[in-house]
Amino acid sequence: MEKLDLGALDLVAAIVRAGTLTGAGDALGMSQPAVSTQLRRIEAGLGRALFHRSPGGCRLTAAGEILWRAAEPSLVRVEAAVDEIAVMGRDEILRVTTDFGFASLWLLPNLGAFREAHPGLELQVIASQAPMAPRVGEVAVRFARKGAVTADARLLIEERAMPVCAPGHPAARPGLDGATLLHLQARTDAPWLDWDGWFADRGQTARPGRGDLRLNTYDLVVQAARAGQGVALGWLPLVEPFLRDGSLVAAGPVVHRQDSGYWLEVGPGGGRAAAAFADWLRGMVPEATTQTELETA
């Protein structure tokens, strides 16, 4: 079996992120045939196909999923290290690490006010499926259970999740019998609530998942729910804007777990920028939590 070098992993990463060989080529500055040739060589060396190819794009095979689960966190750290090296010696730079769902559904929609208050600050938001503890000068917002974060971490948002769906979906009426469930595809030890956990909290057994849909980032799960493709677990306050505008409605009761949720962690040597960002986050959360209680009362 051929050993994989960093270039091979970069190629795999580009295909996963772009979803097509052509898109991966654009990202890497290569032609589509060149990407296809290199991928065939990598797969031949491994003795396994890494992607299912179709006119609609590329989807990871079982072997590809195994490789990507191992490679993705490492690649994110390498890319972050390269970015950190690139800005060494420059002032007023802040790196924030978090997951895809928090970054796209909460942080970016609310970030304008912070940036207006700190116009000279260069901000880098690094999202991944499983963000790590913050390094020197970083701020991390991580979903975790109590005991899995640094000693000085602060629980920013307690976990509250409830079934949500589009208003025209059959599950908008009471009961989830026969509803297509939308799942966040994640590692088996993921700290957040899944459908098995939600049903267990209600004293029920999760039904078989025939016809269910699994997606690998939470923003895709929310998009699918808004498009009427099924019922998602909606984490509050991430889905609050869609509850307010009516594109999502509650399809079941809230499960509240006080020992898990989004934690705020400030790495060593964070300085003024990290302190200012942490203060801003802490100031925003009570407002979001109050809104959550109003929406789910």
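This text goes with the structure placed above it.
Residues numbered from 1 in each chain as written. Predicted model: local features only at pLDDT ≥ 70, side-chain atom pairs only at ≥ 80, totals over all residues. Heavy atoms only, no water.

Draft legend 1. Layout of the layout of surface pockets. Estimates place the volume of the largest pocket at around 1,100 Å³. For the largest pocket, the lining is made up of 30 residues, of which Leu60, Glu65, Trp68, Gln129 and Asn216 are closest to its centre. Per element, the largest residue contribution to the lining of the largest pocket is nine residues, and it comes from helix 4 (residues 62-86). Classifying every residue of the lining of the largest pocket gives 15 nonpolar, six polar and nine charged. (1 Å grid on protein atoms, 1.4 Å probe; cavity = no way out; pocket = protein on both sides within 12 Å on 5 of 7 lines; lining within 4 Å. Points joined across faces, edges and corners; volume = space filled by probe spheres on them. Helix = DSSP H or I, 4+ residues; strand = E, 2+ residues; numbered from the N terminus. Nonpolar A, V, L, I, M, F, W, Y, C, P; charged D, E, K, R; others polar.)

Draft legend 2. Up close: the packing of aromatic side chains. Counting across every chain of the model gives 12 aromatic pairs. Both rings, one in Trp195 and one in Phe199, keep their centres 5.8 Å apart while their planes meet at 40°; by these two values the pair is tilted. Here Trp195 pairs with Phe199, and both are found in helix 6 (residues 195-201), just four residues apart, close to one helical turn. Each of the two residues, Trp195 as well as Phe199, counts as buried. Ring centres of Trp198 and Phe199 lie 5.2 Å apart, and the angle between their planes is 80°; this geometry places the pair in the edge-to-face category. Phe199 carries the same exposure label as Trp198, and that label is buried. In textbook terms, an aromatic cluster arises when at least three aromatic residues are bridged by ring pairs, as seen for Phe102, Trp106, Phe114, Phe143, Trp192, Tyr262, Phe277 and Trp280. (Phe/Tyr/Trp six-rings, centres within 6.5 Å; stacked < 30°, edge-to-face > 60°. Buried < 20%, exposed > 50% of the residue type's maximum accessible area, 1.4 Å probe, protein only.)

Draft legend 3. Looking closely at the side chain of Ser260. With respect to the secondary-structure elements, Ser260 resides in strand 11 (residues 255-266). Ser260 gets classed as buried once you look at its relative accessible area, which sits at 0%. Polar contacts involving the side chain of Ser260 include one to the side chain of Glu159, which spans 2.6 Å. (Polar contact = N/O pair within 3.5 Å; in protein donor to acceptor, adjacent residues only side chain to side chain.)

Draft legend 4. Inspection of empty space enclosed by the protein at higher detail. Using the criterion set out here, one finds three cavities of 30 Å³ or more in the structure. What the largest cavity holds in volume is close to 150 Å³.

Draft legend 5. A nonpolar patch on the surface, seen in detail. Where nonpolar side chains cluster on the molecular surface, the patch consists of Leu6, Val78 and Val82 and spans about 250 Å² of accessible area. Take Leu6: it is sitting in helix 1 (residues 6-18). Relative accessible area serves as the criterion here: at 47%, Leu6 is assigned to the partly exposed category. (Patch = residues over 30% accessible without salt bridge, like charges linked within 9 Å, V, L, I, M, F, W, Y side chains within 5 Å. Areas by Shrake-Rupley, 256 points an atom, 1.4 Å probe, with all protein chains shown as cover. Salt bridge = Lys/Arg side-chain N within 4 Å of Asp/Glu carboxyl O.)

Draft legend 6. How the structure looks around the packing of helix 5 (residues 100-117) against helix 7 (residues 218-226). In the contact formed by helix 5 and helix 7, the axes pass within 7 Å of each other and the chain directions differ by 55°. By the angle between their axes, helix 5 is oblique relative to helix 7. Here helix 5 contributes Gly101, Ser104 and Leu105 to the contact with helix 7, which in turn contributes Tyr218, Asp219 and Val222. Tallied by class, the residues present in the contact of helix 5 with helix 7 amount to three nonpolar, two polar and one charged. (Axes fitted to C-alpha atoms, helices over the stretch in contact; angles between N-to-C directions. Parallel < 35°, antiparallel > 145°, perpendicular 65-115°, else oblique. Contact = heavy atoms within 4.5 Å.)

Draft legend 7. Region of the structure containing unusual backbone geometry. Between Leu236 and Pro237 the backbone carries a cis peptide bond, its omega angle lying at 10°. If you trace the backbone, Pro237 turns up in the loop between strand 9 (232-235) and helix 8 (240-245).

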